[in-house]
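Inside the fold
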Amino acid sequence: MSILNESYILANGVEIPKLGLGTWFIDDDKAAAAIRAAVEIGYRNIDTAQAYGNERGVGEGIRTSGLARDELFVSTKLAAEIKNYDGAATAIAGSMEKLGLEYIDLMLIHSPQPWNDFRGGDYADGNRQAWMALEDAYQAGKVRSIGVSNFLESDLENILSTATVVPQVNQLLVHAGNTPAELLAYCESKGIIVEAYSPIAHGEILKNAEVRAMAGKYGVTVPQLCIRYTLQLGTVSLPKTANPEHMRSNAEVDFVISDDDVATLRDLQDVDYGDASAFPVYSGR
């Protein structure tokens, strides 16, 4: 499972492990055990968010993992509804307190719009204010790197118009069946590393016959193929699970997908998210 030892280097020189553990839908009271299991397997990149409601449990798992703090890369996200400087500054301090950590490795603005208006109104000024609060936390050493999530090119251009620090990360919905090639290329041109969340398409991709056939050709599972695909795109892959067997399997991706098959997966259109379509990021907006 050598992927667990591989990293990318962010624009500011900070190392980020290529494979991480997503924690959406892991209850706060189960998060600590999930984190400890992941760390034991070899995961060093843990991703949470204020919106997940599990920062306390994630922090407990990190503190009780048996590893030195500097051996783990911990990310969280500013709630999407916070679109002003003071609210953002207060929330950043709140995350540090809930996690019980002296610093956070990466903090993101979770979405350019509040969830109840996803891809809706104009929050340009609010995003610039929230970004200023992240920059100040970064300059103060509370946060080692800063970025955004679900930001389109126009949202990034807005931030860049006043930023003193270019976002180091953009966390996006990226998977076989949904590859935003232009946005990935734009981020690369700005030195922004992309993190792929839901690399297994919230599980629905398991039903795709073409993807299943390709996984069979490589002698791997569909999740392994999908995680490997996002890695070969040059993104950080963030599959989410509380199941240690799945964590272990998700890290067994030391194979290479051919260029032709990568192209096939890149061109694939499959955005059926089943019941998850109720959530803004999977709604097609």
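Coordinates for the structure precede this section.
Residues numbered from 1 in each chain as written. Predicted model: local features only at pLDDT ≥ 70, side-chain atom pairs only at ≥ 80, totals over all residues. Heavy atoms only, no water.

**Digging into the overall build of the protein**
When helices and strands are tallied, the protein shows 10 helices and 10 strands. Taken over C-alpha atoms, the radius of gyration comes to 18 Å for the protein, in line with the 19 Å a tight globule of 285 residues would show. Its C-alpha atoms give the protein principal-axis dimensions of about 55 × 40 × 35 Å. Within the protein, buried positions represent 56% of all 285 residues. Residue pairs at least 24 apart in sequence account for 75% of intrachain contacts in the protein once pairs closer than 6 positions are excluded. (Helix = DSSP H or I, 4+ residues; strand = E, 2+ residues; numbered from the N terminus. Rg over C-alpha atoms; globule rule 2.2 N^0.38 Å. Buried < 20%, exposed > 50% of the residue type's maximum accessible area, 1.4 Å probe, protein only. Contact = heavy atoms within 4.5 Å.)

**Quick word on the pattern of salt bridges**
Scanning the model with the defined rule gives 11 salt bridges in all. For aspartate 47, the salt bridge is made with lysine 77, and the minimal N-O distance between the two is 2.7 Å. A residue pair is termed long-range when its members are at least 10 positions apart, and aspartate 47 in strand E4 (residues 45-47) and lysine 77 in strand E5 (residues 73-78) qualify at 30 residues. For the salt bridge of lysine 207 with glutamate 204, the shortest nitrogen-to-oxygen distance reads 2.8 Å. Since its relative accessible area comes to 17%, glutamate 204 is described here as buried. Each of Asp27, Asp29 and Lys30 takes part in salt bridges that share partners, so that together they form one network. (Salt bridge = Lys/Arg side-chain N within 4 Å of Asp/Glu carboxyl O.)

**Notes on the side chain of threonine 235**
Here threonine 235 shows up in the loop between helix H8 (222-232) and strand E10 (236-238). Ignoring sequence-local partners within four residues, the contact set of threonine 235 consists of Tyr8, Lys18, Leu184, Val194, Ala196 and Thr230.

**Remarks on helix H6 (residues 181-189)**
Every buried residue of H6 is listed here: Leu183, Leu184, Tyr186 and Cys187. Here the buried residues of H6 occupy an arc of 160° about the axis, which is enough to place them on one side. In H6, the exposed positions that point more than 90 degrees away from the buried face belong to Glu182, Glu188 and Ser189. Buried-residue contacts for H6 involve helix H5 (153-160), strand E8 (169-173) and strand E9 (193-197). Following H6 by one or two positions, glycine 191 has its phi on the positive side, about 75°. (Arc of directions from axis to C-beta.)

**Overview of the side chain of serine 75**
In this structure, serine 75 sits in strand E5. Under the relative-accessibility criterion, serine 75 is labelled buried at 0%. Sequence-distant contacts of serine 75, defined by excluding residues within four places in its chain, comprise Asn45, Ile46, Asp47, Thr48 and Leu106.

**Some thoughts on unusual backbone geometry**
Despite not being glycine, arginine 119 has its phi angle at roughly 60°, a positive value. Checked against the element boundaries, arginine 119 lands in the loop between strand E6 (106-109) and helix H4 (124-139). On the basis of relative accessible area, arginine 119 is assigned to the partly exposed category, the value being 27%. Unlike most non-glycine residues, asparagine 150 shows phi in positive territory, near 65°. For asparagine 150, the position within the fold is in the loop between strand E7 (146-149) and H5.

These results come straight from atomic positions and should not be treated as a statement about function.
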